Amino acid sequence: MILPIIAYGDTVLRKKATDIDKDYPNLDQLIANMFDTMYNASGVGLAAPQIGLPIRLFVIDATPFADDEDLSEEDKAVLKGLKKVFINAKVINEEGDEWAFNEGCLSIPDIREDIFRHEFVEIEYLDEKFEKHREKFSGLSARVIQHEYDHIEGILFTDKLSSLKKRLIKGKLNNISKGNIKINYRMRFPEIKKSR
Ligand SMILES: [Zn+2]
């Protein structure tokens, strides 16, 4: 089932999300719905706060990035298989040079900006079967995970912009929270309080 994506401006996107346990109601269905919602909006990641739930859960599928011709065959192979569920994730370490990548966010449509992040991230998380993993990711794989991880910490990519850039996009952000944007997927806007 495709759920409405919560737009910029809603307080749920600003909460530090909380851990869940195995008994979380209808978790399998929720995860399936999150993947449906993400694919429908052509996204590569979606975090639970973006569908209105302040819990530590996010899903990713980086397969679309594997089409990037500039990548090595090895990187492409990693990205192609990178469909994962992260529950109760905790970043252990981030390292390596910071590099810029033009990021976007399903909650902030039509805004894309170059964002600097570390090359590597090491993260501990539970998968959909509640099995524990500790893994290190690099490059674009790390990038997708870092962006989604920020969501469960209440952080948006626009927070990382310079104050000048923030001023420049302020009007656009206001329009998003009011629903004054054209989008081709379901969203819910904090200042309208209904879906469309
Ligand atoms: Zn996002």
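We now turn to the structure provided with this report. Every chain begins its residue count from 1, and numbering advances along the sequence as written. Reporting of local features is limited, given that this is a predicted model, to residues whose pLDDT is at least 70; pairs of side-chain atoms are given and counted only at 80 or more, and all residues count toward the totals for whole chains, interfaces and linings. In computing side-chain properties, one takes all heavy atoms of the structure into account and sets aside hydrogens as well as water.

## Structural notes on a negative patch on the surface
The patches reported here contain residues having more than 30% relative accessible area and no salt bridge. Joining distances are 9 Å for like charges and 5 Å for nonpolar side chains (Val, Leu, Ile, Met, Phe, Trp, Tyr). The method behind every accessible area is Shrake-Rupley, applied with a 1.4 Å probe, and residues are considered shielded solely by the protein chains displayed. Salt bridges, as used here, are contacts in which a Lys or Arg side-chain nitrogen is within 4 Å of a carboxyl oxygen on Asp or Glu. Within this scheme the basic residues Lys and Arg register as positive and the acidic residues Asp and Glu register as negative, but His and the chain ends are omitted. Lysine's charge is taken at NZ, arginine's at CZ, aspartate's at CG and glutamate's at CD. On the surface, Asp67, Asp68, Glu69 and Asp70 cluster together into a patch of negative charge. As for its position among the elements, Glu69 is in the loop between strand E3 (57-61) and helix H2 (73-80). On the basis of relative accessibility, which here comes to 71%, the residue Glu69 falls in the exposed class. A run of H or I in DSSP becomes a helix once it reaches four residues, and a run of E becomes a strand once it reaches two; helices and strands are each numbered from the N terminus. Burial here depends on accessible area, computed with a 1.4 Å probe over protein chains only, as a share of the maximum for the residue type. Under 20% is buried, over 50% is exposed, and the range in between is partly exposed.

## Some details on the coordination of the zinc ion
Distances from the zinc ion to its protein donors, namely Cys105 (SG), His147 (NE2) and His151 (NE2), fall within the range 2.1 to 2.3 Å. In this description, a donor is an N, O or S atom within 2.8 Å of the metal centre, a cutoff extended to 3.2 Å for sodium, potassium and calcium. Water is not part of the atom list, which can make sites seem incomplete. Read in sequence order, the donor residues coordinating the zinc ion give the pattern C-x41-H-x3-H. Separated by 42 residues along the polypeptide, Cys105 in strand E4 (residues 83-105) and His147 in helix H3 (residues 139-152) bring together distant segments of the chain. For the pair shown, Cys105 and His147 are each scored as buried.

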